[in-house]
Amino acid sequence: MDISLAMKNQILFDDIDLLQFTQNKQKQWLVSNFVNILCDHKIYIETVTITPKENIESNLLYTLEASNENKTYLMEFGELKTQDMSRLTKGKIARLFIVNMNEDLDYVSLLKKANAMRYNVSVINNTQTLLLF
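Report on the accompanying structure. Starting afresh in each chain, residues are numbered from 1 along the sequence in its written order. With pLDDT at 70 or above as the cut-off, local features in this predicted model cover only qualifying residues; side-chain atom pairs require 80 or more to be listed or tallied, and sums for whole chains, interfaces and linings still use all residues. Side-chain metrics rest on all non-hydrogen atoms present in the structure, leaving aside hydrogens and water.

Focus: the packing of helix α1 (residues 3–14) against helix α2 (residues 23–40)
Then step 1. Only the stretch in contact is used when a helix axis is fitted, and all axes are lines through C-alpha atoms; the angle between N-to-C directions ranges over 0 to 180 degrees. Helix and strand labels come from DSSP, where a helix needs a run of H or I of at least four residues and a strand needs a run of E of at least two; each type is numbered from the N terminus. Where α1 contacts α2, the axes come no closer than 10 Å and their chain directions differ by 120°. Where α1 crosses over α2, the handedness of that crossing is right-handed. Contact residues: α1 offers I3, A6, M7, Q10, I11 and D14, while α2 offers W29, L30, N33, F34, I37 and L38.
Then step 2. Its residues placed into classes, the contact of α1 with α2 shows nine nonpolar, two polar and one charged. With the far helix as reference, a near helix turned anticlockwise by less than a right angle produces a left-handed crossing, and one turned clockwise produces a right-handed crossing. Only heavy atoms enter the contact rule, under which two residues are in contact if any of them lie within 4.5 Å. Three classes are used, and their members are as follows: Ala, Val, Leu, Ile, Met, Phe, Trp, Tyr, Cys and Pro are nonpolar, Asp, Glu, Lys and Arg are charged, and the others, Gly among them, are polar.

This is the structure:
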């Protein structure tokens, strides 16, 4: 199961601009959709937590953790600054980062900095957005 891909698809399907959400609303949306994705895969959880995490790679980073009696599922979500993309590495756990691309940038150079991560470029509510997963 690819949680970060499913979360990215949900953002695009719902046309959600998470960059415009308050931190509280963003956390609520992330937890709700994390649980829904697991449920869609017939994984039923007993507890779920979302924890802010300090990280130099992003403006904001959360770790989502859901568990049942058998297993724990993890995902990281963050808002990434364009200048910090070169330091980003593909992690062992599911990760989803959002980059606001409304600045005047060389997009080809920006995409090369994705360091072999999968990405999707989209316009969501008039915001040019890069989703790295």
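Structure's up, so let's keep going.
Here we look at the pattern of salt bridges
Then step 1. Salt bridges are defined as contacts in which a side-chain nitrogen from Lys or Arg sits within 4 Å of a carboxyl oxygen from Asp or Glu. Across all of its chains, the model carries two salt bridges by this definition.
Then step 2. The partner of R118 in a salt bridge is D2, and the shortest N-O contact between them spans 2.7 Å. Placement of the pair is R118 in the loop between α3 (107–112) and β5 (119–124) and D2 in the segment before α1, with a sequence separation of 116 residues.
Then step 3. In this scheme, a residue with accessible area under 20% of its type's maximum is buried, one over 50% is exposed, and one in between is partly exposed, where area comes from a 1.4 Å probe on protein chains only. Note on R118: relative accessible area 31%, which makes it partly exposed.
Then step 4. Here R95 makes a salt bridge to E76, at a shortest N to O gap of 2.9 Å.

Thoughts on the packing of aromatic side chains
Then step 1. Two aromatic rings, drawn from Phe, Tyr or Trp (for Trp, its six-membered ring), form a pair once their centres lie within 6.5 Å of each other, and the interplanar angle then sorts them: stacked below 30 degrees, edge-to-face above 60, tilted otherwise. The tally for this structure, following the rule as stated, stands at zero aromatic pairs.
Then step 2. A cation sits over an aromatic face here: K25 above F21, 4.8 Å from the ring centre. By the criterion adopted, a ring carries a charge over it if an Arg CZ or a Lys NZ lies within 6 Å of its centre and within 35 degrees of its normal.

Details of α2
Owing to its 3.6 residues per turn, the α-helix aligns residues three or four sequence positions apart on the same side.
Then step 1. To estimate how far a helix should reach, multiply one less than its number of residues by 1.5 Å. Compared with the 26 Å implied by 1.5 Å per residue over 18 residues, the 26 Å span of α2 between its first and last C-alpha is a close match.
Then step 2. Here α2 has its buried residues at Q26, W29, L30, V31, N33, F34, I37 and L38.
Then step 3. Taken from the residues just after α2, K42 is the one with a positive phi, measuring 60°.

Looking at the side chain of T127
Then step 1. Position of T127 among the secondary structure elements: in strand β6 (residues 127–132).
Then step 2. Owing to a relative accessible area of 6%, T127 belongs among the buried residues under this scheme.
Then step 3. The contact partners of T127, leaving out residues within four places of it in the chain, are D17, L19, Q20, N100, N102 and S122.

A word on the nonpolar core
As a rule of thumb, nonpolar side chains are buried together in soluble globular proteins.
Then step 1. We call a set of buried Ala, Val, Leu, Ile, Met, Phe, Trp, Tyr and Cys residues a nonpolar core when their side-chain atoms join them within 4.5 Å. Grouped together as the largest cluster of nonpolar side chains are 26 residues, with contacts concentrated most on I11, L18, F34, M75, F77 and L96.
Then step 2. Where this core is concerned, the elements lending two or more residues are α1, α2, β2 (58–67), β3 (72–80) and β4 (94–100).
Then step 3. In this structure, F34 is in contact with I3, M7, V48, L64, E65, A66, Y73, L74 and M75, ignoring residues within four places of it in sequence.

Some thoughts on the environment of Q28
Then step 1. Within the element layout of this structure, Q28 appears in helix α2.
Then step 2. Taking the C-alpha atoms as reference points, Q28 and I50, 22 residues apart in sequence, are found 9.2 Å from one another.

Things to note about the pairing of β4
Moving residue by residue along a regular strand, the side chains alternate between the two faces of the sheet.
Then step 1. Burial runs high along β4: six of the seven residues are buried.
Then step 2. We treat two strands as partners when DSSP finds at least two bridges between them. Pairing of β3 with β4 involves five bridges; the strand directions are parallel. Residue pairing for β4: F77 is matched across the bridge by L96.
Then step 3. Pairing geometry for β4 and β6, over four bridges, is antiparallel. Note that in β6 the partner of I98 across the bridge is L131.

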